[in-house]
Amino acid sequence: MTWLEKLVQVAHDSVEEEVLEGLWARGVSTEQVNTFRIGYLARLPALEFPPEFLEWYLDREDVIVFPLTTFYGNVKGIQVRYQDREKKGYSDFFTTRSEPCLFGLREAAPHMLSTREVVLTEGVYDFCPVQRVIPQTISTLTAKVNKQLMRSLYRCVDRVISFYDRDDSGVKGTKEVERNAPPELKVYTMEYPLDFKGKDPGELWECHGDDWYARYLMKQQEGRL
């Protein structure tokens, strides 16, 4: 087990009821906490870490830890976000740049291969409500698909569905996916309801809840079949 995998395990074992309640409010289910090994760190545990990680981590406390995985299931990065929702921002650490490493990639891979489809979301909290309905969903962490990820998607899917935020960066990201995808790769956009005033999939879930959200997403899926 690598030092990063040990850290992910310690963080996952540290998730207690209060942390779970905060995750539930953001659209993360208990099953997803366990499936994706989401964790919590009040402070950095007494493990051996490389200097570059310690320099990156600094003195963060009270953070949620999201493991970032490769297509083959290896943990090669983490994203940390403060548990306190009022504290904005997040930070990513990677031990590799030679292959795609994203949130949910390991779990989505077999579904992507079987459906020949992938749904792209930005943030990890946007990802969770969508993934419960459409398991071939990944979080690209930002509204961007780099050339490395695009090559990997080209090998395993025929359809890419963008469900990025509908702010300027999200719209720009979707247009870049459409522009950079090879002709054989069909790119679609998941639409937001006309009366929705928010900006992202997470806020849409918060407005309507699981049942409505599932019906809405499945209706759009059926329209593409």
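Below is a short write-up of the structure. (Residues numbered from 1 in each chain as written. Predicted model: local features only at pLDDT ≥ 70, side-chain atom pairs only at ≥ 80, totals over all residues. Heavy atoms only, no water.)

### Side note on the nonpolar core
What tends to happen in soluble globular proteins is that the nonpolar side chains get buried as a cluster.
Moving on, step 1. I38, F103 and M112 are the most contacted members of the largest nonpolar core, which has 39 residues in total.
Moving on, step 2. Listing elements by their share of this core, those giving two or more residues are α2 (17-25), β2 (63-69), α5 (105-115), β5 (117-121), α6 (124-133) and α7 (147-156).
Moving on, step 3. Once residues within four sequence positions are removed from consideration, F103 is found in contact with F36, I38, F66, P67, L68, V124, F127, C128, I138, S139 and L141.
Moving on, step 4. Ranked by size, the runner-up nonpolar core spans 15 residues in total, among them L4, Y57, V65 and F93. (Core = buried A, V, L, I, M, F, W, Y, C linked by side-chain atoms within 4.5 Å. Buried < 20%, exposed > 50% of the residue type's maximum accessible area, 1.4 Å probe, protein only. Helix = DSSP H or I, 4+ residues; strand = E, 2+ residues; numbered from the N terminus. Contact = heavy atoms within 4.5 Å.)

### Concerning the sheet that holds β5
Moving on, step 1. Spatially, the 4 strands line up as an open sheet ordered β6-β5-β7-β8, and their pairing is parallel. On the outer flanks of this sheet lie β6 (137-139) and β8 (186-189), each paired with one strand and no other. Taking each pair of neighbouring strands and ignoring which way they run, the sheet shows an average axis angle of 25°.
Moving on, step 2. Pairing geometry for β5 and strand β7 (residues 159-162), over 4 bridges, is parallel. Paired with V118 across the two strands is V160, which belongs to β7.
Moving on, step 3. Along the sheet, α5 contacts β5, β6 and β7; its crossing angle with β6, the most-contacted strand, is approximately 140°. (Pairing = 2+ DSSP bridges. Axes fitted to C-alpha atoms, helices over the stretch in contact; angles between N-to-C directions.)

### Here's the deal with the packing of aromatic side chains
We describe a pair of aromatic rings using the distance from one ring centre to the other and the angle between the two ring planes.
Moving on, step 1. Under the criterion given, the structure shown has 17 aromatic pairs.
Moving on, step 2. Between the aromatic rings of W56 and F93, the centroid separation amounts to 5.3 Å while the plane-to-plane angle is 45°, which identifies the pairing as tilted. Here W56 is found in helix α4 (residues 51-57), whereas its partner F93 is found in strand β4 (residues 90-94), with 37 residues between them in sequence. In terms of burial, W56 and F93 fall into one category: buried.
Moving on, step 3. The structure contains a cluster of three or more aromatic residues connected by ring pairs, namely W3, F49, F53, W56, Y57 and F93. (Phe/Tyr/Trp six-rings, centres within 6.5 Å; stacked < 30°, edge-to-face > 60°.)

### With respect to the sheet that holds strand β3 (residues 75-82)
Moving on, step 1. An order of β1-β2-β3-β4 is seen for the 4 strands of this open sheet, with the pairing classed as antiparallel. With one partner strand each, in any of the chains shown, β1 (39-41) and β4 form the two edges of the open sheet. Sheet twist, expressed as the mean angle between neighbouring strand axes with direction ignored, is 30°.
Moving on, step 2. For β2 and β3, the ladder comprises 7 bridges, and the chain directions are antiparallel. Looking at the pairing, V63 lines up with Y82 of β3.
Moving on, step 3. The strands touched by helix α1 (residues 3-13) are β1, β2, β3 and β4; relative to β3, the strand with the most contacts, the crossing angle is about 40°.

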